[in-house]
Amino acid sequence: MPTSFYFDIQRFSTHDGEGIRTVLFLKGCPLSCIWCQNPESRSRNVDLMYEATTCINGCTLCHDHCSAITRHGSSELLIDHQQLNQFDINNLKTCCPAKALRVVGEPVDIQSVCEQLKRDKPFYTSSGGGVTFSGGEPLIHPHCVYSIAQKMQEENINVAIETTLHVSWKKIEQNIPVINQWLVDLKHMDDKKFKQWTGGTLSLVKNNLVKLADQVKDLTIRVPVIPDFNDSLEELALITDFAARLSNCKAIHFLPYHTLGIQKYKMLGLSYQGKDKSLDNPELLQKACEYAEHHPLKQLQTSVRG
Ligand code: SF4
Ligand code: SF4
């Protein structure tokens, strides 16, 4: 079984399921959404982020440790991220005195991660919260998710998952018994557009979603609202129609596009192809909520989450 890596454990989150939650962000995603604001989540492996503004002018430590993949440009260090391997990362991870280099990705040690996730149990109990798996796509690590979720259940801790469902049904099915809340992304209803903007196959998501909705009690659809991709009432209404037909879907959340992660692309040596301006269309979001709340098939609970 390949090692699973995580890139963050975020405490006191209130946007990733009910109540106060701790979110475990696992690395790796089968999609490549143009608008992705978590580029450090995309690779299954460890990444290296470089912050030029804190790099010390004239410092040669990086180059001394790893001359093959680093060189000095006119104003900053240049790292050849494509050639970077685990050996280089190990060499570089402790060499920076200015914290300009950050290794992203820790191997998941089930025992130690569970200890961290349990720390805020009193807050989960008082707020109706718990633990949430996020990513990337957490279900590309089905065994890791299962092992941790099972231990949380033994502690009576509620478990939620944020997923694209862009994985085989087997990986989803095996986790149904240990997940309490399912927060599923549904980004578009047009196969071609979905493919163009995410690289994925929409039918895989839809088929999995229909099967999942028959088997779980707590299912919320989450829709990232992205300029030029799905920011029209017609497109959001089609997604809502699909959600309203799902057996146990009670809610739909709209997540307006933001640009908080753009800087991370540069830090990873990647280029960003998405828009550089956040979605500013409260009227559209309000109309989308009204449409869902008064849907003739099923009145869905709605929310707009930043
Ligand atoms: S599914 Fe999420 S993490 Fe994966 S590429 Fe899309 S936005 Fe990024
Ligand atoms: S060790 Fe740190 S400060 Fe020195 S060149 Fe590398 S990133 Fe910059």
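Rules used in this analysis
Here the residue numbers are simple positions, counted from 1 along each chain's written sequence. Whichever chain is written first becomes A and whichever ligand is written first becomes 1, with later ones labelled in order. For this predicted model, a pLDDT threshold of at least 70 governs which residues receive local features, and a threshold of 80 or more governs which side-chain atom pairs are given and counted, while totals over whole chains, interfaces and linings are taken from all residues. As a rule here, side-chain values come from all non-hydrogen atoms in the structure, and water together with hydrogens is ignored. The criterion for a residue being near a molecule or strand is simple. One of its heavy atoms has to lie within 4 Å of it. Throughout, the protein atoms alone are placed on a 1 Å grid, and a set of points is a cavity if a 1.4 Å probe fits but cannot get out or a pocket if it is open with protein on both sides within 12 Å along at least five of seven lines; lining residues have an atom within 4 Å of a point. Pocket or cavity membership: a molecule qualifies when more than half of its atoms sit within 2 Å of the grid points of that site. Three categories are distinguished: nonpolar for Ala, Val, Leu, Ile, Met, Phe, Trp, Tyr, Cys and Pro, charged for Asp, Glu, Lys and Arg, and polar for the others, with Gly belonging to the last. Comment: axis = line fitted to C-alpha atoms, over the contacting stretch for helices; angle = value between 0 and 180 degrees taken between N-to-C directions. Think of it this way: any DSSP run of H or I at least four residues long counts as a helix, any run of E at least two long counts as a strand, and we number them from the N terminus. Each angle gets one of four labels, with under 35 degrees taken as roughly parallel, over 145 as roughly antiparallel, 65 to 115 as roughly perpendicular, and the rest as oblique. Working rule for handedness: look at the near helix, and if it is turned counterclockwise from the far one by less than a right angle, call the crossing left-handed; if clockwise, right-handed. In what follows, a contact means two residues having at least one pair of non-hydrogen atoms within 4.5 Å. Salt bridges are counted wherever a side-chain nitrogen of Lys or Arg sits within 4 Å of a carboxyl oxygen of Asp or Glu. To sort residues, take the accessible area from a 1.4 Å probe on protein chains only and compare it with the maximum for the residue type: under 20% means buried, over 50% means exposed, and anything in between is partly exposed. Grid points are joined across faces, edges and corners, and a volume is the space filled by probe spheres set on the points. Regarding the arc, it is the one traced by the directions from the helix axis to the C-beta atoms. Here the aromatic set is Phe, Tyr and Trp, taking the six-membered ring for Trp, and pairing holds for ring centres within 6.5 Å; pairs whose planes are under 30 degrees apart are stacked, those over 60 apart are edge-to-face, and all others are tilted.

**Q** Which parts of the structure should I look at to understand the site of ligand 1?
**A** For ligand 1, the full set of nearby residues is Cys-29, Leu-31, Ser-32, Cys-33, Cys-36, Ser-41, Arg-42, Gly-136, Thr-164 and Lys-187. Placement of ligand 1 is best described as lying within the largest pocket. Split by residue class, the shell around ligand 1 holds 4 nonpolar, 4 polar and 2 charged.

**Q** I would appreciate a short explanation of the packing of helix α9 (residues 233–245) against helix α11 (residues 282–293) in the present structure.
**A** Geometry of a packed helix pair, given as the angle between the helix axes and the separation of the axes. Between α9 and α11, the least distance of the axes is 10 Å, while the angle of their chain directions is 30°. With respect to their mutual orientation, α9 and α11 come out roughly parallel. The hand of the α9/α11 crossing is right-handed. For the pair α9 and α11, the contacting residues are Leu-233, Leu-236, Ala-237, Thr-240 and Asp-241 in the first and Leu-284, Lys-287, Ala-288, Tyr-291 and Ala-292 in the second. Considering only residue class, the contact of α9 with α11 consists of 7 nonpolar, 1 polar and 2 charged.

**Q** Which parts of the structure should I look at to understand the pattern of salt bridges?
**A** For side chains bearing opposite charge, pairing can occur when the charged atoms are close. Applying the stated rule across the entire model yields 13 salt bridges. In this structure, the salt-bridge partner of Glu-76 is Lys-266, at a minimum N-O distance of 3.4 Å. Taken as a pair, Glu-76 in the loop between β4 (70–72) and β5 (77–79) and Lys-266 in helix α10 (residues 262–267) lie far apart in primary sequence, 190 residues in all. Look at Glu-76 and you get partly exposed, because its relative accessible area is 24%. Arg-222 is the partner of Glu-162 in a salt bridge, and the nearest nitrogen-oxygen pair spans 3.3 Å. One end of the pair, Glu-162, is in strand β9 (residues 158–163); the other, Arg-222, is in strand β11 (residues 219–225), with 60 residues separating them in the sequence. Side by side, Glu-162 and Arg-222 carry an identical accessibility label, which is buried.

**Q** What is the right way to read empty space enclosed by the protein from this model?
**A** Within the structure shown, the criterion is met by 1 cavity of 30 Å³ or more. The volume enclosed by the largest cavity comes to roughly 110 Å³. As for the largest cavity, its lining consists of 15 residues, and the residues nearest its centre are Cys-55, Ile-56, Cys-59, Cys-62 and Cys-96. Partitioning the lining of the largest cavity into residue classes produces 13 nonpolar, 2 polar and no charged.

**Q** Can you walk me through helix α3 (residues 110–118) in this structure?
**A** Because each turn of an α-helix spans 3.6 residues, side chains separated by three or four positions in sequence point in the same direction. Looking only at α3, the buried set comprises Val-113, Cys-114 and Leu-117. Along α3, the residues classed as buried sweep out an arc of 100° about the axis, all on the same side. Taken together, the buried residues of α3 touch β1 (5–13), β2 (21–26), α4 (121–127), β8 (130–134) and α5 (142–154).

**Q** What exactly am I supposed to notice about the packing of aromatic side chains here?
**A** Note on aromatic pairs: each is described by the distance of the centres and the angle between the planes. For the structure on display, the rule yields 6 aromatic pairs. Ring geometry for Phe-7 against Phe-25: centres 5.4 Å apart, planes inclined by 45°, an arrangement best described as tilted. With Phe-7 in strand β1 and Phe-25 in strand β2, the pair connects residues that are 18 residues apart, well separated along the chain. Note on accessibility: Phe-7 and Phe-25 belong to one class, buried. Here Trp-35 and Phe-229 contribute two aromatic rings whose centre-to-centre distance is 4.9 Å and whose plane-to-plane angle is 35°, an arrangement assigned as tilted. Of this pair, Trp-35 sits in the loop between β2 and β3 (47–50) while Phe-229 is found in the loop between β11 and α9, placing the two residues 194 residues apart along the sequence. Accessibility expressed as a relative area gives 9% for Trp-35, which makes it buried. Chaining the aromatic ring pairs together yields one cluster made of Trp-35, Trp-197 and Phe-229.

**Q** Could you clarify how one ought to interpret the site of ligand 2 in this entry?
**A** Close contacts around ligand 2 come from Tyr-50, Cys-55, Ile-56, Cys-59, Leu-61, Cys-62, Cys-96, Pro-97, Ala-100 and Leu-101, and that covers them all. Here ligand 2 occupies the largest cavity.

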